[in-house]
Amino acid sequence: MEEELRCSQCSGFYHVPVLLVCHHALCLACAGALQKPAAPPSSRADEEGSGSSGSVVVPPAEEHETSEVDKLSVLSDADSGVSCSSRPTSLVGASEERGGGGNNSEPPPPPPVYTITCPKCGVATPTDDSGAQGLTRYRVLAAVVDKHLERYQVAEPCQLCEGAEMARAAQVFCDQCLVFYCGPCRDSCHPARGPLASHWLVSVAEGRALLRARRREREGRCGHHPQEHVSMFCVTCRVPVCVLCLHHGRHHAHDVHALNAVTKTHKTELSQALQQLSEKARAATEFIHTLKTLSDEVHGNCREVEGVIAAQVDALVEALQTRRSDLINWVRRQRDAKVHALREQVQDYTHTLQGTTATIHFCIEALKESDPASFMEAQAILEGRVCTVSEDWERTMIPEPRVPPVFNLTLDDKTLLTAIQQLTFIQLKRPLVTLQQTDDDGSAPGTPGMIPEECSAENNSVTIAWAPHHTSCVTGYTLEIDDGSNGPFREVYTGEETVCTIDGLHFNSIYRARVKAFNNSGSSAFCEPLCLQTAEVAWFILETNHADHTLSENGFTVSCDSYEHRVALGSVGFSRGIHYWEFHIERYDGNADIAFGVGRIDICKEMILGKCGGSWSMYIDGERSWFMHGGEHFDRKSGGVRAGDTVGLLLNLPEKTLTFYVNGDLQGRVSLAGVGGVLYPAVSLNRSVVLTVQTGLHPPKKYLNPSSEANM
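Residues numbered from 1 in each chain as written. Predicted model: local features only at pLDDT ≥ 70, side-chain atom pairs only at ≥ 80, totals over all residues. Heavy atoms only, no water.

Participant: Please set out the overall build of the protein chain residue by residue, giving values where relevant.
Facilitator: Across its full length, the protein chain holds 13 helices and 38 strands. The buried share among the 712 residues of the protein chain stands at 45%. Put simply, 64% of the contacts in the protein chain that link residues at least 6 apart link residues at least 24 apart. Just so you have it, the protein chain exposes about 35,600 Å², and 51% of that area is on carbon and sulfur atoms. (Helix = DSSP H or I, 4+ residues; strand = E, 2+ residues; numbered from the N terminus. Buried < 20%, exposed > 50% of the residue type's maximum accessible area, 1.4 Å probe, protein only. Contact = heavy atoms within 4.5 Å. Areas by Shrake-Rupley, 256 points an atom, 1.4 Å probe, with all protein chains shown as cover.)

Next up, the structure:
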């Protein structure tokens, strides 16, 4: 992973890495060299992203003030993450904190004084008058670099040698001066006489350890209250805070959790994501090995085809000899093209695997850090990188060879002598067949037929099976279905298979399906449409990947082991129709919090349902209930639930309403006006609650009659 640990500007190992707004890193000195005065407001409107020419280097006096930490870039195993120092923060960091507080009355941030353009992506990072010194320190990266240098015994450079490239390896460290010296610089600049004779000179390894201990002591404390250690994490501002910040500072009204608990949760999630990525990397390694062996198979198959061609051509008249050479040469060109394509695929996949492996090792090293505050400040970056690598992986790492190793070629030796000059191969994408096995005369295939006894519909998915025309040579098939409302057809599958399952359809809808065949000569007509009806009512189970949830084996009963709110979603989403389901409260001690409702697939599952904008819910306890959406509470009502009660939910998408019932009595209704897309059944709960969902229910007729509800 050494590529991850080198600065894109100076190409050396990161030295006091700082974080830019684009989430790329630079050495502090490199960032100082790249910073430029920001353009005045009048010129920024015309020249966005440009600034005055020239660069401003970090002043030596400022660098000297922070040399104890910044100059050496060494951290202990207990330090990790990105830490905001006591120096002035960048404008970006200040803006994020103000935005996180949700106080719209605060004045806008001042215009930037400097900008630092990232050499990798070109994004400009604005800063205040502190310039590069105010950028956030990337402590996780610094810790990984430090451990990498120690692990591979990379020498610490002397800090007094002229020029970084000419610096000699340090031999001692002065605990009073906080400087690494090589032998000549120690003799000339730090002689063992006079006041310097009492200084404590130690080895380079001991010096690193001393600096790590001092940095750990300083960075484990609150930036606003240096006498306090950070012990909480403000979810609103995404920063660690101390007890005084929580009770007397600007975080007293924010969403604050225990730092260790939040760190444990995010480390677990990142570890799970890394484990999945590692499995993909392992599978890719095996697949690349398979690709490498396919070259030999290509050569073997090529020799086999050459032999067949030679045997057939030798039996023809002398006029075929020239044509035979042409055919063999064509096959060999195809062989070369296949081998070349496979080699390119091996190179591309190897490059992607190396980058993925580097990211995995980097994140694993970050996970080893025991300082929760440091980790939490970098976890979003790490998770973002893992997510990006996973998405790139899904898009590029297709576990199939770009070219098949077989040569699907058959020589037509029955052609007349007069057609010798037009002699060519018959190429098929399907498994190799001889001319005697098919009556393909170069025409389009016949129309395939559906197999009704093998077609089925289950819940909101359908399975469609068909068979080719018995006299046709087929390359592939195209399957189309309509929208379930007798609308236009749309293509859902193209390939060689003769069975296809389509998920995510609408409930209580009749879908029409049709299929056609194609080969190199053309396409057949579509077969007669086959009609399949999805289930009238939806049945689903509860799904969750959170460690605090416990699901029954059948997926219907859920409980929670945490005092924090955790959300479980249904396995099926709805985008139209009327749907009804119930929750039976198996256990409830009256002090727990329950919220029933619906949400989108990507809602936050670590807060109460209804707090984020993608969910709508009814909170209910033993005495009262109210509705929640986007963090707002409304329509508070008396009356709660207890163990043994049943809560029903009626989702009416044509009327855009979500109605709640408790033991058959109307509790209230939430409007979903303007809400589109797919909504999933959802419930959030915490400790001392056990719920069982009942699905596959028809909406009670009295619930669909507004007059009956008005009389409740």
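Participant: Tell me about the state of the cysteines, and please be specific about residues and values.
Facilitator: Inspection of the entire model under this criterion finds zero disulfides. Just so you know, Cys-7 is unpaired, no disulfide at all, and the nearest cysteine sulfur is the one on Cys-10, 3.8 Å from it. (Disulfide = S-S within 2.5 Å.)

Participant: Mind laying out the nonpolar core, listing which residues take part and the relevant values?
Facilitator: Counting 78 residues, the largest nonpolar core has Tyr-138, Leu-141 and Phe-362 as the members making the most contacts within it. Contact partners of Leu-141, with chain neighbours within four places excluded, come to Glu-4, Leu-5, Tyr-14, Pro-17, Ala-25 and Phe-362. (Core = buried A, V, L, I, M, F, W, Y, C linked by side-chain atoms within 4.5 Å.)

Participant: Just give me the short version of the sheet that holds strand S9 (residues 179-181), but keep the residues and values in it.
Facilitator: Pairing in this open sheet of three strands is antiparallel, and the strands run S9-S8-S10 from one edge to the other. The sheet is open, and its two borders are formed by S9 and strand S10 (201-203), each paired with just one other strand. Adjacent strand axes in the sheet meet at a mean angle of 35° when their direction is disregarded. By the bridge criterion, three bridges tie strand S8 (residues 172-174) to S9 in an arrangement that is antiparallel. (Pairing = 2+ DSSP bridges. Axes fitted to C-alpha atoms, helices over the stretch in contact; angles between N-to-C directions.)

Participant: With reference to specific residues and values, describe unusual backbone geometry.
Facilitator: At Leu-178, a residue that is not glycine, the phi angle is positive and equals roughly 60°. Note that Leu-178 resides in the loop between S8 and S9.

Participant: Please provide a residue-by-residue account of the side chain of Lys-147, values included.
Facilitator: Inspection of the secondary structure assignment puts Lys-147 in helix H6 (residues 139-151). In terms of polar contacts, Lys-147 uses its side chain to reach the side chain of Glu-365, at 3.5 Å. (Polar contact = N/O pair within 3.5 Å; in protein donor to acceptor, adjacent residues only side chain to side chain.)

Participant: Go over the pattern of salt bridges with me, naming the residues and quoting the values.
Facilitator: Applying the stated criterion to the full structure yields 16 salt bridges. Note that Glu-365 is salt-bridged to Lys-368, the shortest N-O span being 3.3 Å. When the shortest N-O distance is used, the salt bridge between Arg-624 and Asp-621 registers 3.0 Å. Residue classification places Arg-624 among the partly exposed residues on the basis of a relative accessible area of 26%. The exposure class assigned to Asp-621 is buried, which follows from its relative accessible area of 6%. Three or more residues joined by partner-sharing salt bridges are found here, namely Lys-147, Glu-365, Lys-368 and Glu-369. (Salt bridge = Lys/Arg side-chain N within 4 Å of Asp/Glu carboxyl O.)

Participant: Account for the sheet that holds strand S12 (residues 239-241), with residues named and values stated.
Facilitator: Pairing is antiparallel in the open sheet, where three strands are placed in the order S12-S11-S13. The open sheet is flanked by S12 and strand S13 (256-258), the only strands paired with a single partner. Direction aside, the axes of adjacent strands within the sheet are offset by 35° on average. Pairing geometry for strand S11 (residues 232-234) and S12, over three bridges, is antiparallel.

Participant: Could you give me a rundown of the pairing of strand S37 (residues 680-685), with the residues and numbers involved?
Facilitator: In terms of residue burial, S37 counts as a mostly covered element, since six of its six residues are buried. Burial along S37 is two-sided: the residues Tyr-680, Ala-682 and Ser-684 and Pro-681, Val-683 and Leu-685 are all buried. As judged from the four bridges shared by strand S28 (residues 566-570) and S37, these two strands associate in the antiparallel manner. By the bridge assignment for S37, Leu-569 is matched with Ala-682. Pairing geometry for strand S30 (residues 594-599) and S37, over six bridges, is antiparallel. Within the sheet, the bridge partner assigned to Ala-595 lies in S37 and is Ser-684.

Participant: Let's hear about the packing of aromatic side chains: which residues, and what values?
Facilitator: As enumerated under the stated definition, the model contains 12 aromatic pairs in all. The interplanar angle of 70° and the centroid separation of 6.4 Å between the aromatic rings of Phe-540 and Phe-574 together place this pair among those described as edge-to-face. In this pair, Phe-540 is assigned in the loop between strand S24 (530-533) and strand S25 (542-543) and Phe-574 in the loop between S28 and strand S29 (578-588), connecting sequence segments 34 residues apart. Side by side, Phe-540 and Phe-574 carry an identical accessibility label, which is buried. (Phe/Tyr/Trp six-rings, centres within 6.5 Å; stacked < 30°, edge-to-face > 60°.)

Participant: So, the confidence of the model for the protein chain: which residues are in play, and what are the values?
Facilitator: Confidence along the protein chain averages 80 in pLDDT terms, with 82% of residues attaining 70 or more. Considering only residues more than four positions removed or in separate chains, one finds that residues 427-440, a stretch of pLDDT under 50, has 30 contacts. (pLDDT = per-residue confidence, 0-100.)

Participant: Could you give me a rundown of the pairing of strand S35 (residues 657-662), with the residues and numbers involved?
Facilitator: A regular strand places its side chains so that they alternate between the two faces of the sheet. Among the six residues of S35, six are classified as buried, and the element is accordingly described as predominantly covered. Across the two faces of S35 the burial is the same, with Thr-657, Thr-659 and Tyr-661 and Leu-658, Phe-660 and Val-662 all buried. Here strand S34 (residues 646-652) runs beside S35; their pairing, made up of six bridges, is antiparallel. Note that in S35 the partner of Leu-651 across the bridge is Leu-658. Two elements, S35 and strand S36 (residues 665-671), share six bridges in a ladder whose sense is antiparallel. Counted as the bridge partner of Thr-657 is Ser-671 from S36. Between S35 and S36, which pair antiparallel and follow one another directly, the connecting turn spans two residues, one of which, Asn-663, has a positive phi of 55°.

Participant: Describe in detail the environment of Phe-660, supporting the description with residues and values.
Facilitator: Looking at the secondary structure, you find Phe-660 in strand S35. Taking the C-alpha atoms as reference, Phe-660 lies 9.3 Å from Ser-617; in sequence the two are 43 residues apart. When near neighbours in sequence (up to four residues on either side) are disregarded, Phe-660 contacts Phe-596, Gly-597, Ser-617, Met-618, Phe-627, Gly-648, Leu-649, Asp-665, Leu-666, Gln-667, Gly-668 and Val-670.

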